[in-house]
Amino acid sequence: MTTQPETATLPRTAMIGVGSMGGAILAGLRSPDVRIALPITVTTNSAASAAEFDGASDVVAYAAETDPAANQTAVRDAELVMLAVKPWMIAGVAKEIAAEIAPGTIVVSVAAGVSCEQIEAELPGAQVVRAMPNTPSHLGRGVTGVAGGTSASAEAVETVRQLFETVGDVIVVREDQINDVAAVSGSGPAYLFLYVEEMTAAALRRGFTPEQARVLVNGTVSGSAELLVQSGEEPAQLRRNVTSPKGTTEQAVLVLQDANWGELFDRALAANVRRSEELQRGE
Ligand SMILES: NC(=O)C1=CN([C@@H]2O[C@H](COP(=O)(O)OP(=O)(O)OC[C@H]3O[C@@H](n4cnc5c(N)ncnc54)[C@H](O)[C@@H]3O)[C@@H](O)[C@H]2O)C=CC1
Ligand SMILES: O=C(O)[C@@H]1CCC=N1
């Protein structure tokens, strides 16, 4: 997690939707290291998830299913509003809150496949920014791409960058790169977890118990990721360090490379981007 510069205090923030992604970001914003104007106001759909914040001194939660004005109430007087509902709900939520959004309010959407222009059409006067985070944000180890729409000032983009720095690393990109950020890092944790699932299944097939397979596979993935971070070495070098000439790894790597991972990853990322484009067309 990156700590903010001494002077920066994040503005009064409202979050519409605190599920997998919004919840991860909220966890970062609630860290004691983060200076943010309080309270953070949030909405969830269900009263039960809003009730999880009962008694919190830093968060006030409203439930959309029991309070039809929940989203309007949450964004009232907020200087920054984060939209973290499903992509197909963004336009409806934007419409719903439009009357409460003062000119200049920063509205940041984390939704895949919803353009700044589409949100700006519902919220004239807002400064619209897109962000594409990922779920390791929950641990302060996220990666986020941030892109401002034409309505957003450089200061607004910088504020959003600082906000996402509370939950990990941030790169500022052009909006036309956001779908690619989603394909690489937004969805990226899922690809890695798929690897873990498949490797665990293969270990079970080789006779290990589920507990043994969990220790072997989870430990290998987390230890290797930490080695990548802490050693500062290139992944190819780290791979070579394991791959003794004429040894065992070499044989497995040859089999894996035979599956043409370059082409496979190109196809996977292209499918991801294609889905963002479909979402943008409302499909
Ligand atoms: N899950 C992920 O890894 C990532 C998700 N995103 C984006 O984040 C957005 C949210 O996705 P998830 O968090 O995965 O979904 P989710 O289903 O876990 O969370 C959605 C949240 O919206 C709330 N909600 C539903 N209807 C509402 C309403 N009418 N008013 C207020 N809140 C309402 C739900 O209670 C829940 O808190 C999506 O647009 C997705 O594209 C972006 C990057 C990564
Ligand atoms: O699967 C999705 O649509 C979202 C966007 C990036 C990660 N999860």
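What counts, and where the lines are drawn
- Residues numbered from 1 in each chain as written.
- Chains lettered and ligands numbered in written order.
- Predicted model: local features only at pLDDT ≥ 70, side-chain atom pairs only at ≥ 80, totals over all residues.
- Helix = DSSP H or I, 4+ residues; strand = E, 2+ residues; numbered from the N terminus.
- Buried ≥ 20, exposed ≤ 12 C-beta atoms within 10 Å, placed from the backbone.
- Contact = placed C-beta atoms within 7 Å.
- pLDDT = per-residue confidence, 0-100.
- UniProt positions renumbered as here; feature names shortened; annotations may be inferred.
- Pairing = 2+ DSSP bridges.
- Axes fitted to C-alpha atoms, helices over the stretch in contact; angles between N-to-C directions.
- Near = placed C-beta within 6 Å.
- Domains from an automatic or database assignment.
- Nonpolar A, V, L, I, M, F, W, Y, C, P; charged D, E, K, R; others polar.
- Right-handed = clockwise from strand over helix to strand, strands pointing away.

1. Let's talk about the overall build of the chain
Each helix and strand counted, the chain has 12 helices and 8 strands in total. The C-alpha extent of the chain, read off along each of the three principal axes, is 70 × 40 × 40 Å. The buried share of the chain, taken over its 283 residues, is 34%. Taking contacts inside the chain between residues at least 6 apart in sequence as the whole, the part at least 24 apart equals 64%.

2. Remarks on the confidence of the model for the chain
For any part of a model where pLDDT is low, the fine detail of the predicted coordinates should not be relied upon. Of all residues in the chain, 98% have pLDDT values of 70 or greater, and the mean over the chain is 95. Predicted complex metrics record ipTM = 0.99 and pTM = 0.95.

3. Some details on the UniProt feature "domain: Pyrroline-5-carboxylate reductase dimerisation" (unreviewed entry) in the chain
Under the feature "domain: Pyrroline-5-carboxylate reductase dimerisation" (unreviewed entry), the UniProt entry names residues 175-279. Along residues 175-279 one finds 83% helix and 0% strand; the C-alpha atoms at either end are 15 Å apart.

4. Some points on the sheet that holds strand S5 (residues 106-109)
Spatial strand order, S3-S2-S1-S4-S5-S6-S7-S8: 8 strands in an open sheet with mixed pairing. Both outer strands of the open sheet, strand S3 (59-63) and strand S8 (168-172), are each paired with one neighbouring strand and no more. For this sheet, the mean inter-axis angle between neighbouring strands, taken without regard to orientation, is 20°. In terms of strand pairing, S5 meets strand S6 (residues 127-132) through 4 bridges, oriented parallel. Each residue of the ladder has a partner; that of Val108, found in S6, is Val129. In the packing of helix H6 (residues 154-165) onto the sheet, the strands contacted are strand S4 (80-83), S5, S6, strand S7 (142-148) and S8, and the crossing angle to S7 comes to about 170°.

5. Observations regarding the UniProt feature "binding site: NADP(+)" (unreviewed entry) in the chain
What UniProt calls "binding site: NADP(+)" (unreviewed entry) maps, in this numbering, to Ile16, Gly17, Val18, Gly19, Ser20, Met21, Thr44, Ala84, Val85, Lys86 and Pro87. Checked against the element boundaries, Gly19 lands in the loop between strand S1 (13-16) and helix H1 (20-29). Following the sequence through the fold, Met21 ends up in helix H1. Judged by the 24 C-beta atoms lying within 10 Å of it, Met21 is buried.

6. Remarks on the environment of Ser109
With respect to the secondary-structure elements, Ser109 resides in strand S5. In sequence terms Ser109 and Thr220 are 111 residues apart; their C-alpha atoms lie 35 Å from each other. When residues no more than four places from it in sequence are discounted, the contact partners of Ser109 are Leu83, Ile90, Val114, Ile119 and Arg130.

7. As for the site of ligand 1
Close to ligand 1 lie 27 residues; Gly17, Gly19, Met21, Asn45 and Ala111 are nearest. For the shell around ligand 1, the secondary-structure elements that each account for two or more residues are H1 and strand S2 (40-44). Looking at the shell around ligand 1 element by element, the count peaks at 3 residues for H1.

8. Here's the deal with the domain arrangement of the chain
Taken domain by domain, the chain consists of domain 1 (13-174) and domain 2 (188-279). The straight-line distance from the C-alpha centre of domain 1 to that of domain 2 is 33 Å. Listed as interface residues are 7 residues of domain 1 and, on the opposing side, 5 residues of domain 2. When the residues that make up the side of domain 1 that touches domain 2 are grouped by side-chain class, the tally is 4 nonpolar, 3 polar and no charged.

9. Quick look at the pairing of S4
Burial of the side chains of S4 extends over both faces: Leu80 and Met82 are buried on one face and Val81 and Leu83 on the other. Here 4 bridges tie S4 to S5, and the two strands are oriented parallel to one another. Of the residues in S5, the one forming a bridge with Met82 is Val108. The parallel pair S4 and S5 is bridged by helix H4 (residues 90-97), and the resulting crossover is right-handed.

10. Description of the pairing of S1
Both faces of S1 are covered, namely the face carrying Thr13 and Met15 and the face carrying Ala14 and Ile16. Pairing analysis gives 4 bridges linking S1 to S4, with the strands arranged parallel. Residue pairing in the sheet places Thr13 in a bridge with Leu80 of S4. Of the pairings in the sheet, the one linking S1 to S2 comprises 3 bridges and is parallel in character. The residue bridging Ile16 from the neighbouring strand is Thr43, located in S2. Handedness of the crossover joining S1 and S2 through H1 is recorded here as right-handed.

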